[in-house]
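# A structural walkthrough
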Amino acid sequence: MSQLSTLPKQEPVELLKLATNCKKAGDTKNAVRILKEAYRAINRTNIDHGVDVFLRLPHYQQLAGRPEQAWKEFNLLLVEGYPNQNRDEAFIVMDHSVIYDKMRLFLQRENCHKEAIKFGIFSWLLWAIALHKQNKKKELKSWTANKQMESMLIDLLDKANRPRLQNELKQLLERELATLPVINFPVLGKYINDLVLR
């Protein structure tokens, strides 16, 4: 317990390692507590640790049997960001792509495979938008190629036992890609849910 009582004096990297060790040992309660302390320590610096560090918290909370809290953390990251986040628009879109992908994974772990489809598609589209904003034409062409799109859709739809929707969703995504970087995600999300959850 003496190790834990000195948390505020430790560097963020040390705290992150300590949280990881607690998680590996199955002590998710302390892992969550130490991770939050690491975030406070990061907030006292000006170093961008990247979105992955802040995505550990919802993962740990899911492991701890607190899915509602985990989901809340995902949404906070989308709305508020994280300490020292790069505020460049393209980087924020990339962060959102990564967050949506972790939300997809979270839902799949919760056996909500149909609900996960929308988040997987959002993640894929957001990455395309980020590449577009960075004028990375070659990477964008590769990312949005038919083979890539089909692979992404097959993976999502097979897990949800909805393979018959592949062509319809593919046509939808082709229409959305034609309007890059402008995509109406609320309307798109409703359309996907209506299609997938019926």
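For the structure itself, look to the data block above.
First, a word on what this report is: a plain description of the structure on this page. (Residues numbered from 1 in each chain as written. Predicted model: local features only at pLDDT ≥ 70, side-chain atom pairs only at ≥ 80, totals over all residues. Heavy atoms only, no water.)

## Structural notes on the overall build of the protein
Along its length, the protein carries 12 helices and zero strands. Starting at the N terminus and ending at the C terminus, the protein contains elements arranged as α-α-α-α-α-α-α-α-α-α-α-α. The dimensions of the protein, computed from C-alpha atoms along their principal axes, are 60 × 35 × 25 Å. Buried residues in the protein amount to 47% of all 198 residues. Relative to all contacts within the protein whose residues are 6 or more apart in sequence, the contacts with residues 24 or more apart total 62%. Carbon and sulfur atoms provide 51% of the accessible area of the protein, an area that totals close to 10900 Å². In the protein, the 31 positive side-chain charges and the 23 negative ones have mean positions that sit 2 Å from each other. (Helix = DSSP H or I, 4+ residues; strand = E, 2+ residues; numbered from the N terminus. Buried < 20%, exposed > 50% of the residue type's maximum accessible area, 1.4 Å probe, protein only. Contact = heavy atoms within 4.5 Å. Areas by Shrake-Rupley, 256 points an atom, 1.4 Å probe, with all protein chains shown as cover. Lys, Arg positive; Asp, Glu negative; His and termini not counted. Charge placed at Lys NZ, Arg CZ, Asp CG, Glu CD.)

## Some words on the packing of aromatic side chains
Counted under the stated rule, the structure contains 11 aromatic pairs. Ring plane angle 40° and centroid distance 5.3 Å describe the contact between Trp71 and Phe106, whose orientation is recorded as tilted. Highlighted residues: Trp71 in helix H6 (residues 67-80) and Phe106 in helix H7 (residues 89-109), separated in sequence by 35 residues. Accessibility expressed as a relative area gives 24% for Trp71, which makes it partly exposed. Look at Trp124 and Trp143: their rings are 6.4 Å apart centre to centre, the planes differ by 25°, and that puts the pair in the stacked class. (Phe/Tyr/Trp six-rings, centres within 6.5 Å; stacked < 30°, edge-to-face > 60°.)

## Examining the environment of Arg109
With respect to the helices and strands, the residue Arg109 is situated in helix H7. Judged by relative accessible area, Arg109 falls into the partly exposed class, the value being 43%. Sequence separation between Arg109 and Pro83 is 26 residues, and the spatial gap between their C-alpha atoms is 28 Å. Beyond its immediate stretch of four places on either side in the chain, Arg109 contacts His59 and Gln62.

## Describing the packing of helix H5 (residues 56-63) against H6
As a packed pair, H5 and H6 sit with axes 7 Å apart at the nearest point and diverge in direction by 170°. It follows that H5 is roughly antiparallel to H6 by the angle criterion. Residue-level contacts link Leu57, Pro58, Gln61 and Gln62 of H5 to Pro67, Gln69, Ala70, Glu73 and Phe74 of H6. Tallied by class, the residues present in the contact of H5 with H6 amount to five nonpolar, three polar and one charged. (Axes fitted to C-alpha atoms, helices over the stretch in contact; angles between N-to-C directions. Parallel < 35°, antiparallel > 145°, perpendicular 65-115°, else oblique. Nonpolar A, V, L, I, M, F, W, Y, C, P; charged D, E, K, R; others polar.)

## Some points on the packing of helix H2 (residues 12-24) against helix H3 (residues 28-43)
H3 packs onto H2 with a crossing angle of 165° between their chain directions and a minimal axis gap of 8 Å. Here H2 lies roughly antiparallel to H3, going by the angle between them. Note on packing geometry: the crossing formed by H2 with H3 is left-handed. Mapping the contact onto sequence places Pro12, Leu15, Leu16, Leu18, Ala19, Cys22 and Lys23 in H2 and Thr28, Asn30, Ala31, Ile34, Leu35, Glu37, Ala38, Ala41 and Ile42 in H3. For the contact of H2 with H3, a count of residues per class yields 12 nonpolar, two polar and two charged. (Left-handed = near helix turned anticlockwise from the far one by under 90°.)

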